[in-house]
Amino acid sequence: MAEARQAVAFQFAVTDEGVVIDFNKAAIYNVVSVIRHSVRLRLHRLYNTLLKNIFPNTTQSYILIVITLLLARYLEAGPSVLLWNSDNELNSTGRNVTGLLYVGVLSIIVWLTLAYIERYTLKLLLMYKGWMWDPPRKTSWKTKVWYILMKFLCARKHLRLYSYQASLPKLSVPSLQSTCKKYLSSVKPLMNKEEYNEMERLVDEFRNGIGRKLHRYTVLYSWWATNYVSEWWEKYVYLKCRGPLMINSNYYAVDSAIPEPVSSVQAARAASVAHSFLEFRQKVDDETLEPLVLRDVIPTCSKQYSKMWNTTRIPGRRCDYLAHYDSSNSRHIVVYHRGRFFKINVYDGDKILNPAELERLFQTIIDDTSEPQPGESNLPALTAQERYYWAVVRRSHFSSGINKQSLDTIEKAAFIVSLDDTEQYYSDTDPSLVINQSKSALHGNGKNRWFDKSVNLIVHKNGRMAGNFEHSLADAPVFGHPYEYAMINDVIIPGRYDSKGHCSGEIINKLSPPKRLKWDLSSECIEKIDESYALAQKMIDDLDLFVLNFQDYGKNLMKKCGVSPDAFLQMAMQLTYYKCSNRFCLTYESTMTRLYREGRTETVRTVTDLSCKFALAMLDKTKTNRERLDLLRQAGTLHQKQYRQAMCGGGIDRHLFCMYVISQYLKVESPFLKKVLSEPWRLSTSQTPHQQTKYAGDKYDAKKVSAGGGFGPVADDGYGVSYIITGDDCLMIHITAKNSCPTTSAKMFADKLRESLLEMKEIGSAA
């Protein structure tokens, strides 16, 4: 009841002495703070809308236009003299006022017209992708001219997060002929002659039949959709998936690849990283975060940043949906510690609490000795359940009363912080340590991560941290940006902690204590929770995870071979898979399409005739290292070509996916599309992004930022491989598989991959 009274700004009572009004100062202050925060956000958005509408023009250019028109009036020069002569009948004062009005209106018209012309000129320039195909250090004259024009149009020093959004080109639909041709080329190395002939027949039947109709509908949809892929990709690949998020969908990142955490004080580390996340969120809200720009002039889409905070994936019976809340209504975070949930208000007025203040609040939770309420400790396991199951339980037991209030508090939080009781360590010589850390980040113990939440910040008892991220709303490079920002603040920029590991700074504000969330869980609900926890344990037991810490060489040797580091590693994985399985398999590598508006990802199909020839040559003792190196370079060059084509919208899998979605809407069958969409990706790979943050400058050290991260296997009989190139002499490769599959082993794959990398080092001597 005391908490209920605190939520009321004032109370009144009628007595013999009249009406008595009792004001609650704390509640009034909280209401005023929320209003101030909301007003500040709306003013920022209004200002940013203005800047976006005039980009790439500037406010300085408006002043220049006004001065130019005033000079024209004074000198009576130019076509504007017609306007000045129209007010001859007015007296001098009237003429001056009217003249200034003319100047103001005409300046705005000219200014907005120039902005429109410049923005569409920029969009035309951004359609040029020749820069991507120029050989290293051999820039073509077209690219040089393009670069000069881009620098001229984008000369602003301070870009806003969404400055380029309206100028980014739309993702175009590749031709049906091109997609079919590339598809056949990608599967030819994986099929025998009979299988390939049958696939050719299906492709011809599709290309000359229903495929034409589906392609036309895809093109028509692309004309009015901002991005013809992204909305359907989010809905059908993620939100309609009924499987558990844990392991199957969410991905993770771990702490630095250094032996000692930057602070061994759990509350301090949690406070520092949480403060960095909140700072980053404010930069996104204010749009003061600069967009990711390649080569200083090539912008990428920032759309995915808009929902990365204050967002929860809500389970549905048939389809989930994303609930995103305004930051003015999400002024708190939720902390999970020893089976209990706490709410922490992270603002004083409209200012974020400083790290020292957050540390005090986290320490209060750690020192709290209260026990979990019945069913509370296992409650997060519901988010690891099948989505339909969780949706039914949510509607039955969390749709009203105190359970709904507490669930709303979790779902409206900026993010979740898990203060784990376990300790995690890192050593270059003991892979089991980073493996344990990775498993904790990916799934925890099955009941200490809220997998529906966009961001789970995990801080262990000895100060090591990790992150778990929901995949439907944003891809790894987007969540990798605030993670890298926090790590740089913590590990590279000095002064974050004092000599004892506590956060630097002083407690300035009066702090509201953390608030325990209350639950009233029935025996039936607790039974459902326990069932969910049992399923989570079964999934955890089935996960096979290994991390290969390869320190024999890094990107320098790969470049010496004349191959890009990414292509080098992809060829190494092809060789490794063949060693493990005595065959090649359909391989998925993710690349971004954020050069286009609202772009997300496209698939690079790694297996080619050349990649197979290289792998077989490595196993052929009659081949010389020179021959192997030539084949590696040829396969690497083709891989880079396909990677660039995919980045530029020339991939095939999103096109095929969209045509399949349309076929389902039209209720038409396509044997070709049905077969394509059912093919398993037994080797799913991705490179962990880094160096997205400018703040560290020359002090940047990838090993200090993160030991990488990963995801679960896509196929039950396949592997998930995520790799990060952490310098000139280090690779961190996270490998996952399933224990239930007798033909796969993450440890075996890692051992064979190490062997392959060392063998490829030998052929580098022929370079």
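The present account deals with the structure reproduced in this document.

Let us now look at the sheet that holds strand β19 (residues 683–687). As summarised here, the arrangement of the 6 strands in space is β16-β22-β21-β19-β17-β18, forming an open sheet in which the pairing is mixed. Both outer strands of the open sheet, β16 (543–550) and β18 (601–605), are each paired with one neighbouring strand and no more. Looking at each pair of strands side by side, their axes are set apart by 20° on average, direction ignored. Both strand β21 (residues 719–725) and strand β22 (residues 731–738) contribute to a ladder of 6 bridges, which runs antiparallel. Residue glycine 720 lies in a different strand from β22, and its bridge partner there is threonine 736. Strands in contact with helix α15 (residues 431–443) are β16 and β22; relative to β16, the strand with the most contacts, it is inclined by about 135°. In this fold helix α17 (residues 523–542) packs onto β16 and β22, with an angle of close to 40° to the strand it touches most, β16.

The next point concerns helix α7 (residues 176–187). With 12 residues, α7 extends 17 Å between its outermost C-alpha atoms, agreeing within 8% with the 16 Å of an ideal straight helix rising 1.5 Å per residue. Close packing links the buried residues of α7 with α8 (193–207), α9 (210–224), β18, α22 (653–666) and α23 (671–678).

Let us now look at the nonpolar core. A general trend in soluble globular proteins is that nonpolar side chains are found buried together. By size, the foremost hydrophobic cluster in this structure holds 70 residues, and its most contacted members are Phe568, Leu632, Ile733, Phe749, Leu757 and Met760. The dominant element in this core, judged by the number of residues it contributes, is helix α19 (residues 565–581), at 10 residues. The next biggest cluster of nonpolar side chains, apart from the first, holds 57 residues, and it includes Tyr251, Ile352, Tyr485 and Cys503.

For the rest of this paragraph, the subject is the pairing of strand β3 (residues 251–254). The side-chain alternation of β3 yields two buried faces, one formed by Tyr251 and Ala253 and the other by Tyr252 and Val254. The pairing of β3 with strand β14 (residues 465–469) spans 4 bridges and is classified as antiparallel. Residue pairing across strands places tyrosine 251 opposite phenylalanine 469, the latter belonging to β14.

Bringing the side chain of asparagine 227 into the picture now. Take asparagine 227: it is sitting in the loop between α9 and α10 (230–239). Looking at asparagine 227, its side chain comes within polar contact range of the main-chain oxygen of glutamate 598, at 3.4 Å. For asparagine 227, the contacting residues outside a window of four places in its chain are Leu171, Arg597, Glu598 and Gly599.

Further remarks concern empty space enclosed by the protein. According to the stated counting rule, one finds 2 cavities of 30 Å³ or more in the structure shown. There is about 80 Å³ of room inside the largest cavity. Along the wall of the largest cavity there are 14 residues; nearest its centre are Leu171, Val229, Thr593, Thr601 and Arg654. Put simply, the parts of the chain that give the lining of the largest cavity at least two residues each are β18 and α22. Looking at the lining of the largest cavity residue by residue, the classes come out as 3 nonpolar, 8 polar and 3 charged.

This part covers the pattern of salt bridges. According to the stated counting rule, one finds 27 salt bridges in the structure shown. Aspartate 255 is the partner of arginine 269 in a salt bridge, and the nearest nitrogen-oxygen pair spans 2.9 Å. With arginine 269 in helix α11 (residues 266–286) and aspartate 255 in the loop between β3 and α11, this pair connects stretches of sequence that are 14 residues apart. Take arginine 269: its relative accessible area is 0%, and that puts it in the buried class. The partner of arginine 654 in a salt bridge is glutamate 602, with the nearest N and O atoms 3.7 Å apart. Placement of arginine 654 in helix α22 and of glutamate 602 in strand β18 is noted, with a sequence separation of 52 residues between them. Residue arginine 654 shares its accessibility class with glutamate 602, and that shared class is buried.

Definitions and limits used
Residues numbered from 1 in each chain as written. Predicted model: local features only at pLDDT ≥ 70, side-chain atom pairs only at ≥ 80, totals over all residues. Heavy atoms only, no water. Pairing = 2+ DSSP bridges. Helix = DSSP H or I, 4+ residues; strand = E, 2+ residues; numbered from the N terminus. Axes fitted to C-alpha atoms, helices over the stretch in contact; angles between N-to-C directions. Contact = heavy atoms within 4.5 Å. Expected span 1.5 Å × (residues − 1). Core = buried A, V, L, I, M, F, W, Y, C linked by side-chain atoms within 4.5 Å. Buried < 20%, exposed > 50% of the residue type's maximum accessible area, 1.4 Å probe, protein only. Polar contact = N/O pair within 3.5 Å; in protein donor to acceptor, adjacent residues only side chain to side chain. 1 Å grid on protein atoms, 1.4 Å probe; cavity = no way out; pocket = protein on both sides within 12 Å on 5 of 7 lines; lining within 4 Å. Points joined across faces, edges and corners; volume = space filled by probe spheres on them. Nonpolar A, V, L, I, M, F, W, Y, C, P; charged D, E, K, R; others polar. Salt bridge = Lys/Arg side-chain N within 4 Å of Asp/Glu carboxyl O.

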